[in-house]
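What follows is the residue order along each chain.
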Amino acid sequence: MSSFLGLVSRVRSSLNPPEAQPLPDSKPLKFGVLGAASIAPQALITPVKSHPEAVVYAVAARDKDRAAAFAKKHGIGKVFGGADSYQKLLDDPEIDAIYNPLPNGLHYEWTMKALAAGKHVLLEKPAANTAEETRKMFELAESKGLVLLEAFHYRFHPVANRVKAIVESGELGAVKSTSTTLAVPRGIMKAGDIRFNYSLGGGALMDMGCYTINSMRYFTGADPTSVLSVEHELQSPQVDRKTTAKFALPGSITSTILCDLATPPTLKIIPSLPNLNAVIECEKGEIKVPIPTAIATHTYLFLPSYANAPPKVMNYLAPTQYHSITVKVGNKSRVEKAYTFPDLGQPWWTSYRYQLEAFVNKVKGRTPHAWVTKEDSIKNMEVIESVYAKSGLGSRPKSGYVPN
Ligand SMILES: NC(=O)C1=CN([C@@H]2O[C@H](COP(=O)(O)OP(=O)(O)OC[C@H]3O[C@@H](n4cnc5c(N)ncnc54)[C@H](OP(=O)(O)O)[C@@H]3O)[C@@H](O)[C@H]2O)C=CC1
Ligand SMILES: O=C1OC[C@@H](O)[C@H](O)[C@H]1O
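Owing to the predicted nature of the structure, the values given are computational and were not obtained by experimental measurement. (Residues numbered from 1 in each chain as written. Chains lettered and ligands numbered in written order. Predicted model: local features only at pLDDT ≥ 70, side-chain atom pairs only at ≥ 80, totals over all residues.)

1. Some thoughts on the overall build of the chain
Put simply, the rule is: Only runs of H or I of at least four residues qualify as helices and only runs of E of at least two qualify as strands under DSSP, and these elements are numbered from the N terminus. C-alpha atoms define the radius of gyration, and 2.2 Å times the number of residues to the power 0.38 defines the globule rule. Burial is judged by counting the other C-beta atoms within 10 Å of a residue's own C-beta: 20 or more makes it buried, 12 or fewer makes it exposed, and any count in between marks it as partly exposed, with every C-beta position built from the backbone.
Counting its secondary structure elements, the chain contains 11 helices and 14 strands. A compact globule built from 404 residues should have a C-alpha radius of gyration of about 22 Å, and the chain, at 21 Å, falls within 12% of that. For the chain, the C-alpha atoms occupy an extent of roughly 60 × 50 × 45 Å along the three principal directions. Counting over 404 residues, the chain shows a buried share of 49%.

This is how it looks when you write it as structure tokens:
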């Protein structure tokens, strides 16, 4: 009962966070948002409310009325609307940092333009359509002394950090295998979704798969040496609706990923359930991160996931709601929870709120509690591209944008 009340309290506060008062001696970081994207409220606008050193100052959208409606709904003071609105927002000297939640295929162009305009960038995942584009963005950021972060928000939450710490402690011995899964039922992603659009950088591997690959690399602390096998099911000629891949990692580790944007109903009629799993098998035991119940604050509802027995669910996307880390050593198992760090956070802080904390700290020249490095982002894209190469689908199209 108390854990249910805790869940309700965390979800309520994460949706309506207490508003922070600006710090008297610190200039707040002013964000501009490119596009009235569905993810923007959850990933930035709500987290900013409880941050004393950040504000969402402006939004730009291709349609003037849509821009105005979005700004009104979210209390954003400055609005840019119309075909040239993104560039106008970048040219606004008041803005310090850009949040880029455009479709994957536009990440490169608008991040390059934002950096050229002298803005720091919080960039949605996956960083771009290719590793080469990712490298170029980070090189430009470095050359201009600007912060660029690929928004792998789960990496900033205590859960992911705790799981990694347990693996690294050696308590369970060496890692033998991992399995990371992110799959949602058919119907959640609508037919016109950017995720199904090849020219915009669509595909399950790009969208959900980038998390499964990132978490495989993060938890093992290693990069694949080869892609052993790949299977996919297509949504349309070059767009994978589902991909599974098996990798070899150093130290004889074998890792499997599964990502699916539209799992069909079982026996054609029984709706499938969301499946968000991370299992790390080690010499002396294993770690499971199950979410018996998850009430979604996300763009859609994650239903209770009892489909797996035992449940092996890692809610990469909303660990704030409820989680438990089951650590099995031999025949003994214990359950851990990690909603806060010893010296950072509140139980209701979402992974996005923790991510914002790190981003602001980095821009302000302070040491963030966690980070996703340039090398990490480039490597993640390389692995994605290596899976697409093996599957025969090929990388998503390179951007046609040529920087000045
Ligand atoms: N971190 C996370 O948890 C999540 C991250 N994401 C990532 O965020 C990004 C956006 O996802 P999501 O918010 O779901 O997507 P949406 O489709 O809701 O938003 C994308 C935005 O891109 C703009 N846009 C510009 N050009 C185009 C175009 N040609 N076609 C379609 N849209 C265009 C639109 O802005 P305008 O308003 O100007 O029309 C739109 O608002 C993706 O990279 C995705 O991977 C998504 C969900 C969760
Ligand atoms: O966090 C997420 O959840 C759902 C996905 O489709 C999305 O793009 C991803 O970032």
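2. Comments concerning the environment of valine 239
To be explicit about the condition: Note on contacts: each residue gets a C-beta atom placed from the backbone, and two residues are in contact if those atoms are within 7 Å.
Along the polypeptide, valine 239 turns up in strand β9 (residues 239-249). We classify valine 239 as buried; it has 20 C-beta atoms within 10 Å. Distance in space between the C-alpha atoms of valine 239 and arginine 396 is 9.1 Å, their sequence separation being 157 residues. Ignoring sequence-local partners within four residues, the contact set of valine 239 consists of Phe196, Tyr198, Gly202, Gly203 and Leu234.

3. Digging into the pairing of strand β13 (residues 325-329)
Successive residues of a regular strand alternate their side chains across the two faces of the sheet. Formally: Each pair of strands is called paired provided DSSP finds at least two bridges between the two strands.
Across 5 bridges, β13 lies against strand β14 (residues 332-336) in antiparallel orientation. Looking at the pairing, valine 329 lines up with lysine 332 of β14. If you look at the hairpin formed by β13 and β14, you'll find 2 residues sitting between the two strands, and glycine 330 has a positive phi there, around 60°.

4. Regarding the pairing of strand β7 (residues 175-185)
When you tally the buried positions in β7, you get 8 out of 11 residues, the bulk of the element. Across 8 bridges, the pairing between β7 and strand β11 (residues 275-282) is antiparallel. Each residue of the ladder has a partner; that of leucine 182, found in β11, is leucine 276. Alignment of β7 against strand β10 (residues 253-263), held across 8 bridges, turns out to be parallel. Each bridged residue has a counterpart across the sheet, and for threonine 181 the counterpart in β10 is leucine 258.

5. Quick look at the site of ligand 1
Inclusion rule: Nearness here is judged by the C-beta atom: place it from the backbone, and if it falls within 6 Å of a molecule or strand, the residue counts as near that partner. The classification used treats Ala, Val, Leu, Ile, Met, Phe, Trp, Tyr, Cys and Pro as nonpolar, Asp, Glu, Lys and Arg as charged, and all other residues, Gly among them, as polar. For the domain bounds, the source is a domain assignment made automatically or taken from a database.
Near ligand 1 there are 23 residues, and of these Gly35, Ala36, Ala37, Ser38 and Ala61 occur at the shortest range. Its residues placed into classes, the shell around ligand 1 shows 13 nonpolar, 4 polar and 6 charged. Inspection of the shell around ligand 1 shows a minimum of three residues originating in each of domain 1 (2-152) and domain 2 (154-339).

6. A closer look at the sheet that holds strand β1 (residues 29-34)
The pairing of strands in a sheet comes from backbone hydrogen bonds and takes either a parallel or an antiparallel form. Here is the rule: Axes here mean lines fitted to C-alpha atoms, for a helix over just the part in contact, with angles spanning 0 to 180 degrees between N-to-C directions.
If you trace the 6 strands from one edge of the open sheet to the other, you get β3-β2-β1-β4-β5-β6, paired in parallel fashion. Among the strands making up the open sheet, the edge pair consists of β3 (78-81) and β6 (148-150). Strand-to-strand twist across the sheet, computed as the mean angle between neighbouring axes with direction ignored, equals 20°. Relative to strand β4 (residues 97-100), β1 is paired through 3 bridges, and the arrangement is parallel. Note that in β4 the partner of valine 33 across the bridge is tyrosine 99.

7. Brief notes about the UniProt feature "domain: Gfo/Idh/MocA-like oxidoreductase N-terminal" (unreviewed entry) in the chain
Rules: UniProt positions are given in the numbering used here, feature names are shortened, and annotations may be inferred rather than shown by experiment.
UniProt records the feature "domain: Gfo/Idh/MocA-like oxidoreductase N-terminal" (unreviewed entry) at residues 29-149, using the numbering of this structure. Annotated as residues 29-149, this span is 45% helix and 23% strand, and its ends, taken at the C-alpha atoms, are 15 Å apart.

8. Topic: helix α9 (residues 209-220)
Spelled out, the test is: By definition here, a helix of n residues has an expected span of 1.5 Å times n minus one.
Between its first and last C-alpha, α9 extends 17 Å over 12 residues, near the 16 Å set by a 1.5 Å rise per residue. For α9, a buried count of 12 out of 12 residues is recorded, marking the element as mostly surrounded by other parts of the structure. When we look at burial in α9, the residues that qualify are Gly209, Cys210, Tyr211, Thr212, Ile213, Asn214, Ser215, Met216, Arg217, Tyr218, Phe219 and Thr220. Once α9 finishes, glycine 221 follows within two positions and takes phi at roughly 65°, a positive value.

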